[in-house]
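Given next are the chains, with one letter for each unit.
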Amino acid sequence: MAIPVKRVAVIGAGVSGLMSVKSCLEAGLEPVCFEKNEQLGGVWQTQELDNLDGISGGTIYQCLMSNSSKEMMTVSDFPFPKEYPPYLTPEHLLTYYRNYAEHFNLDQHIRLSTEVMKVAPSADHEATGRWEVCSRPRCRSGTLDGPTASEIFDAVIVSTGLFNTAFVPSYPGQGEFRGQILHSNRFRSGEQFAGKTVLVVGSSHSAGDVAVDASRHASQVYLSMRDGAWVIGRFGPGGMPIDAYSNSRWKAKLPEVIRRLAARPMFEGRFDLDNLGLRCKRRLFEGYIMVNDEIHCRIICGALRCKPGIERFTRDGVVFEDGTRVDGLDVVVFATGYNLNFPFFEDNSIIADNFADLELYMHVWPARRTHPTLAAVGYVSTLGAQTPLFELQSRWVAQVFLGNARLPGIDERMEDVKRRKEAYFKKFGKHRIFFPPIPYCEELADRIGARPNFTRLLLTDPKLALRAFLGPAYPPFYRLNGPHPWAGARDAIINGWANTVNPTRTRVVERPSTGGALTVAMLIAVTVLIISLILVLN
Ligand SMILES: Cc1cc2nc3c(=O)[nH]c(=O)nc-3n(C[C@H](O)[C@H](O)[C@H](O)COP(=O)(O)OP(=O)(O)OC[C@H]3O[C@@H](n4cnc5c(N)ncnc54)[C@H](O)[C@@H]3O)c2cc1C
Ligand SMILES: *[C@@H]1O[C@H](CO)[C@@H](O)[C@H](O)[C@H]1NC(C)=O
């Protein structure tokens, strides 16, 4: 049995790291958070690219807008300002997370410009479960500076993010290509491609954004997608944010066949995917989903052309899998995603750096370790806001460190790992962690007793119960009870919808009356009905 956990090292001060620090503090633990950049915020920080080191850092470009809506990505006990719009820019998010850090006094526990170089079991690890953490300060230019400090911690939370190390594929002939090749994490704005012929490669959210933005400035843009993606806009039926519309508890209970059938019109209703070259080879929910509101329009005005996967590069262009080619290419942007990377583990078996070998129980705990003193927060992707999942992960981790929640034995953990891995592989045809958010959130909430009992809620507060079941699954639901509840949770859920729509109601006019026409139409319909009934019954 490990000694009780008190001091916790948190690696990274992105959203996952900040939430982990908060969860440790509210549980009475003593977190020390290491952040290699000068600022907190992770992918949302708007620091100039030059100040970021080589390949790390996500894709933050000028036109970036969140792909999940405000109320769905809120921290469960820290509401977004009412006046923030329904979808957010990196500036909004950075300000929000800075205010979050300030509000809960997280700053004093964060060491900025300090990179974790090594995490290894302490000399007495077998008995205590402790870890040695070595860190080094970084100076302004981003280079490492000063001596390495070594400290012992009772536990470690790894929260260095999924967007750490750019992945660039390699194709035959790529070395001979004379144009420019870059990864999308170096992309800032379409202006940098003015007058050029550009090929964007990828089927992700960023591939779509880069292609659309480049198409406003470049002379021609091509988008190469091997399998393609299911493209969806931010507006759902009735103008509701699509993630709020899709992610409600009653819908999460429907079988996937039904959800697929119901969702298809939102992807295909207004578009012919074959004519646009946007058809995805995989079934809905089994391939990539791209949130994009403009791509169809860029295609129908000819500025953007979709192409299949690349077969090989030539000296000045590419040949695609269907034998067609593009010559005279100036730039290729690989929006091909990121690799997992944990350079501070000398032993790659602590957390593997690839999804095929990754063995995290419930996507959080290295399944084979004896002591539950090392956790990973932030390594899942979902169809909707990601951050509420990370927050629940961090709350669970804190409760396990405290000894209030227990993990099952290694065999059971490995079974869970295997079951999930096989299910995803079967679904996506590759190792990928992507699932609908609600069932996983409920599972996590159950582990810490933060899921309200529905029957009781229905009897005591039917309005709230119905909202929580039929409406969007807003994160404050998990602060109604359980450890560290928040008194504002009920209001936040009830007002979620108003907070989403009110900021854009900046021009309120009376709707023109349709009263007269409608009444006449109704009268005619009722008369016709009565006459036909009389005729039929006679
Ligand atoms: C373009 C883009 C758009 C997105 N849009 C949305 C959205 O709309 N909604 C949503 O919910 N999610 C979105 N996401 C996902 C987003 O990544 C997560 O929501 C969340 O911000 C990730 O936070 P994180 O802390 O896990 O990782 P990061 O934000 O990557 O933070 C990790 C931190 O760890 C630090 N670090 C790494 N290694 C070390 C080390 N050795 N020592 C010290 N520090 C280290 C890094 O500097 C970084 O600050 C988007 C992501 C991207 C890239
Ligand atoms: C939003 O973008 C991020 C980064 O590209 C991605 O991980 C996430 O899955 C996207 N969310 C949705 C709902 O597509």
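The name an unreviewed UniProt entry gives the protein chain is Flavin-containing monooxygenase, with Patiria miniata as the organism. Recorded under Sequence similarities (unreviewed entry), the UniProt text for the protein chain is reproduced unchanged: "Belongs to the FMO family."

Chemist: Pulling in residues and values, what's your account of the domain arrangement of the protein chain?
Modeler: Once the domains are mapped, the protein chain shows domain 1 (7-164 + 340-441), domain 2 (168-233 + 270-336) and domain 3 (452-503 + 515-537). A separation of 31 Å is found between the C-alpha centroids of domain 1 and domain 2.

Chemist: Requested: an account of the sheet that holds strand S5 (residues 131-137), with residues and values cited.
Modeler: Strand order across the open sheet formed by three strands is S4-S5-S6, with antiparallel pairing between neighbours. Edge strands, defined here as strands with exactly one partner in the open sheet, are strand S4 (114-121) and strand S6 (149-153). Between one strand and the next, the sheet's axes are offset by a mean angle of 25°, whatever the strand orientation. Bridging between S5 and S6 involves five bridges; their strand directions are antiparallel. Bridging across to S6, Ser-135 finds its partner in Ala-149.

Chemist: Go over the site of ligand 1 with me, naming the residues and quoting the values.
Modeler: Surveying the vicinity of ligand 1 reveals 30 residues, the closest of which are Ser-16, Glu-35, Asn-67, Ser-68 and Gln-386. Within the side chain of Glu-35, a nitrogen or oxygen atom sits 2.6 Å from an oxygen atom of ligand 1. Protein coverage of the free-state accessible area of ligand 1, which is 990 Å², stands at 94%. Taken together, the elements giving at least two residues each to the shell around ligand 1 come down to helix H1 (15-26) and S4. The leading source of residues in the shell around ligand 1 is S4, at three residues. In terms of residue class, the shell around ligand 1 is made up of 11 nonpolar, 16 polar and three charged.

Chemist: Please give an account of the sheet that holds strand S14 (residues 304-307) that cites residues and values.
Modeler: Spatially, five strands are ordered S9-S18-S10-S11-S14 in an open sheet, and the strand pairing comes out parallel. Whereas interior strands pair on both sides, the edge strands pair on one side only; in this sheet they are strand S9 (180-183) and S14. This sheet shows a mean twist of 20° between the axes of neighbouring strands, independent of strand direction. Against the sheet, helix H4 (residues 205-214) touches strand S10 (197-201), strand S11 (220-224), S14 and strand S18 (331-334), its axis set at about 165° to S11.

Chemist: Hey, could you go over the pairing of strand S1 (residues 7-11) for me, with residue numbers and the actual values?
Modeler: Judged by how many residues are buried, S1 sits mostly within the fold: four of five residues are covered. Here S1 pairs with strand S2 (residues 30-34) via five bridges, running parallel. When the sheet's bridge partners are listed, Ala-9 is paired in S2 with Val-32. Crossover connection from S1 via H1 to parallel S2: handedness right-handed. Across four bridges, the pairing between S1 and strand S7 (residues 155-158) is parallel.

Definitions and limits used
- Residues numbered from 1 in each chain as written.
- Chains lettered and ligands numbered in written order.
- Predicted model: local features only at pLDDT ≥ 70, side-chain atom pairs only at ≥ 80, totals over all residues.
- Heavy atoms only, no water.
- UniProt positions renumbered as here; feature names shortened; annotations may be inferred.
- Domains from an automatic or database assignment.
- Pairing = 2+ DSSP bridges.
- Helix = DSSP H or I, 4+ residues; strand = E, 2+ residues; numbered from the N terminus.
- Axes fitted to C-alpha atoms, helices over the stretch in contact; angles between N-to-C directions.
- Near = heavy atom within 4 Å.
- Polar contact = N/O pair within 3.5 Å; in protein donor to acceptor, adjacent residues only side chain to side chain.
- Areas by Shrake-Rupley, 256 points an atom, 1.4 Å probe, with all protein chains shown as cover.
- Nonpolar A, V, L, I, M, F, W, Y, C, P; charged D, E, K, R; others polar.
- Contact = heavy atoms within 4.5 Å.
- Buried < 20%, exposed > 50% of the residue type's maximum accessible area, 1.4 Å probe, protein only.
- Right-handed = clockwise from strand over helix to strand, strands pointing away.

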